[in-house]
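Coordinate inspection notes
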Amino acid sequence: MNGDLQEKVYMMPSPGVSHDFGYACKLKKALYGLKQAPRAWFEKFSVVISSIGFVSSSHDSALFIKSTDAGHIILSLIC
């Protein structure tokens, strides 16, 4: 899953990709290895997981909780 970038990020085209000299590529999605990628991924993940009823914990932003009639679901992201 690639996160959406909030700022403009440009990169030189990879070797073997035909392009005009002096031009750069504007990224629409975060790429693996890009320093903004983890933040962009987490932002997109948070939006998706919240849309299905999970609530972020006020104690830990990587902890999500969903309460149902059957019980509680606790989702914790760890590195």
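Small disclaimer: the values here were computed from a predicted structure and weren't measured.

1. Side note on the sheet that holds strand 5 (residues 71-76)
- Strands sit in the order 3-4-5 across an open sheet of 3 strands; the sheet is antiparallel. Looking at which strands have only one partner, the edges of the open sheet turn out to be strand 3 (55-56) and strand 5.
- In this structure, strand 4 (residues 63-68) lies alongside strand 5, joined through 6 bridges in antiparallel fashion. Of the residues in strand 5, the one forming a bridge with phenylalanine 64 is leucine 75.

2. Topic: the packing of aromatic side chains
- Taken as a whole and assessed by the stated rule, the structure comprises 2 aromatic pairs.
- With centroids separated by 6.3 Å and ring planes inclined at 45°, the aromatic side chains of phenylalanine 42 and phenylalanine 64 adopt a geometry described as tilted. Separated by 22 residues along the polypeptide, phenylalanine 42 in helix 1 (residues 37-51) and phenylalanine 64 in strand 4 bring together distant segments of the chain.
- Note on phenylalanine 42: relative accessible area 25%, which makes it partly exposed.
- Ring centres 5.8 Å apart and planes at 75° place the aromatic pair phenylalanine 45 and phenylalanine 64 in the edge-to-face group. Of this pair, phenylalanine 45 sits in helix 1 while phenylalanine 64 sits in strand 4, placing them 19 residues apart in sequence. Accessibility assignment for this pair places phenylalanine 45 and phenylalanine 64 in one class, buried.
- Grouped by ring-pair contacts, the aromatic residues Phe42, Phe45 and Phe64 constitute a single cluster.

Thresholds, definitions, all that
Residue numbers here run from 1 along each chain, matching the order of that chain's written sequence. It should be noted that, the model being predicted, local features are given only for residues of pLDDT at least 70 and side-chain atom pairs only at 80 or more, the latter also being counted only at that level, while totals for whole chains, interfaces and linings use all residues. Processing note: side-chain calculations cover all non-hydrogen atoms of the structure and skip hydrogens and water entirely. For two strands to be treated as a pair, DSSP must find at least two bridges joining them. The helix and strand labels rest on DSSP assignments: H or I over at least four residues marks a helix, E over at least two residues marks a strand, and numbering proceeds from the N terminus. Two rings from Phe, Tyr or Trp (for Trp, the six-membered ring) form a pair when their centres sit within 6.5 Å of each other. Planes less than 30 degrees apart are called stacked, planes more than 60 degrees apart edge-to-face, and all others tilted. Accessible area is worked out with a 1.4 Å probe on protein chains only. A residue is then buried under 20% of its type maximum, exposed over 50%, and partly exposed in between.

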